[in-house]
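# Descriptive structure summary
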Amino acid sequence: MTLPNAYAIKVHKTGGPEVLTLEASPPRAPGPGEVLVRQTAVGVNFIDIYFRTGLYPMPLPYVPGTEGAGIVEEVGEGVTNVGPGDRVAYMGRGTYASHYTGAANTVVPLPAGISDEEAAAVLLKGMTAWMLLEEIRPLQKGETALIWAPVGGVGTLLTPWAKHIGARVIAVTSSAEKAAKAKALGADEVIVGYDDVAKQVRALTGGKGVDVVYDSVGKTSAEASLSSLKGRGWWMTYGNASGAADPVPPGRLAAGGSLVMTRPTLFNFTDTPESLARGAGRLFSLLEKGVLTADIGQRFALKEAGEAHKALASGTTSGATLLLP
């Protein structure tokens, strides 16, 4: 396929990966307070699938994608934080495209030691880890955390970050291969398979349970997560890999010992330039120190976005998935 000079992946109806269509799409000139970026790498996330299938409603048609990196080509009136030629990363709507136009206050300059691909691979996932570990309910040294999907896009950052804080990490994954990788990332113990997870957690913790659960699986993991918590423990359910979790009666939280449940959305924690800069600064610092690494497991051409979605939904990927324009 001969690609046009400027193009985007568009969704005109919800459905399977086949609804992702490649179309010529001239970039929009930046207005006041905006930047135009020629993209060099685009991150793929489960939330992109949720929008595509209609689980999360989105006005049609739309361009998928929530994070990317590239080089600023043009800035609008009043923009002072970046200029043409700067390498930047960002979270925003419509990044499955050769070019991206968006608000300058959602763009962060990239340090010299972090590549465009690394930034596109970790920004949204790393900021999610930051939100979970340090903003909602700061994880403390000496606490015990249960992490589902420890070698997924968020998990590969969440696991070593939690260890860096000084927590004990119990991970839950689906295979021995993934368990070995979770161990390499810093997990203290790994439960393989999804049977009797809470029972195994109790055995590992002397019957006490864990202080906090980071759960990106959703429907099939919810009860196991709640049953793994000690009294006043926190269940952070932040993903739906197995489908949306069923409603939880308040009485279930009381029965578990005054448990706390939260379903956070990252954009509520990065809704000001100051919070975005704080989170990105923390993430980039840990990357530069080597505490975290951008684990890029798969790369696809942007025109093959449908294949990237199939791979991610299959559960066979590890680390981050990138689209390259």
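Our subject in this report is the structure included herewith. (Residues numbered from 1 in each chain as written. Predicted model: local features only at pLDDT ≥ 70, side-chain atom pairs only at ≥ 80, totals over all residues. Heavy atoms only, no water.)

### Some words on the nonpolar core
The biggest cluster of nonpolar side chains holds 51 residues, and the ones touching the most others in it are Met127, Leu139, Leu158, Trp161, Tyr214, Leu283 and Phe284. It is helix H2 (residues 116-136) that provides the largest number of residues to this core, a total of 13 residues. Aside from chain neighbours lying at most four places away, what touches leucine 283 is Val122, Leu123, Gly126, Met127, Trp161 and Leu292. (Core = buried A, V, L, I, M, F, W, Y, C linked by side-chain atoms within 4.5 Å. Buried < 20%, exposed > 50% of the residue type's maximum accessible area, 1.4 Å probe, protein only. Helix = DSSP H or I, 4+ residues; strand = E, 2+ residues; numbered from the N terminus. Contact = heavy atoms within 4.5 Å.)

### Comments concerning the packing of aromatic side chains
Summed over the entire model, instances satisfying the criterion amount to five aromatic pairs. In textbook terms, an aromatic cluster arises when at least three aromatic residues are bridged by ring pairs, as seen for Phe46, Tyr50, Phe51 and Tyr56. We note arginine 93 situated over the ring of phenylalanine 267; from NZ or CZ to the ring centre the distance is 5.1 Å. (Phe/Tyr/Trp six-rings, centres within 6.5 Å; stacked < 30°, edge-to-face > 60°. Lys NZ or Arg CZ within 6 Å of the ring centre and 35° of its normal.)

### Comments concerning unusual backbone geometry
Working note: non-glycine residues mostly have negative phi, and peptide bonds are mostly trans. The residue after leucine 60, namely proline 61, is reached through a cis peptide bond having omega -10 degrees. Along the chain, the position of proline 61 falls in the loop between helix H1 (46-53) and strand S4 (67-75). In this structure, arginine 232 takes a positive phi of about 65 degrees despite not being glycine. Position of arginine 232 among the secondary structure elements: in strand S12 (residues 229-237). Phi at serine 258 takes a positive value of approximately 60 degrees, unusual for a residue other than glycine. Of note, serine 258 is situated in the loop between helix H7 (250-255) and strand S13 (260-262). Take serine 258: its relative accessible area is 47%, and that puts it in the partly exposed class.

### Regarding H2
Taking 1.5 Å of rise per residue, the 21 residues of H2 would be expected to cover 30 Å, and the 28 Å separating its terminal C-alpha atoms lies within 8% of that figure. At valine 122, H2 shows its strongest bend, of approximately 45 degrees. Within H2, 17 of the 21 residues are buried, which leaves it mostly tucked inside the rest of the structure. (Expected span 1.5 Å × (residues − 1). Bend = angle between axes of the 7 residues up to and from the residue.)

### Things to note about the pattern of salt bridges
The final tally for this structure, using the stated rule, is 16 salt bridges. Linking glutamate 34 and arginine 28 is a salt bridge whose minimum nitrogen-to-oxygen distance equals 2.8 Å. Overall, the relative accessible area of 17% leaves glutamate 34 in the buried class. Arginine 28 gets classed as partly exposed once you look at its relative accessible area, which sits at 45%. Notably, a salt bridge pairs glutamate 223 with arginine 252, separated by 2.8 Å at the nearest N-O pair. With glutamate 223 in helix H6 (residues 222-227) and arginine 252 in helix H7, this residue pair connects regions lying 29 residues apart in the sequence. (Salt bridge = Lys/Arg side-chain N within 4 Å of Asp/Glu carboxyl O.)

### Points about the side chain of arginine 137
Structurally, arginine 137 can be placed in the loop between H2 and strand S8 (144-148). A distance of 2.7 Å separates polar atoms of two side chains, one belonging to arginine 137 and the other to glutamate 143. (Polar contact = N/O pair within 3.5 Å; in protein donor to acceptor, adjacent residues only side chain to side chain.)

### A closer look at the pairing of strand S1 (residues 7-11)
Extensive coverage of S1 is indicated by the burial of four of its five residues. Pairing between S1 and strand S2 (residues 20-24): five bridges, direction antiparallel. Along S2, the bridge assignment pairs valine 11 with leucine 20. (Pairing = 2+ DSSP bridges.)

### Quick look at the sheet that holds S8
Taken together, six strands build an open sheet; the order of strands is S10-S9-S8-S11-S12-S13 and the sheet is parallel. Of all the strands in the sheet, just strand S10 (189-192) and S13 have a single pairing partner and so form its edges. In this sheet, neighbouring strand axes are inclined to one another by 15 degrees on average, regardless of whether the strands run parallel or antiparallel. Pairing between S12 and S13: three bridges, direction parallel. Looking across to S13, one finds that tryptophan 234 is bridged to valine 260. Its contacts with the sheet put H2 on strand S11 (210-215), S12 and S13, and the angle it makes with S12 is roughly 145 degrees. Running at roughly 165 degrees to S10, helix H4 (residues 176-185) makes contact with strand S9 (168-173) and S10 of the sheet. (Axes fitted to C-alpha atoms, helices over the stretch in contact; angles between N-to-C directions.)

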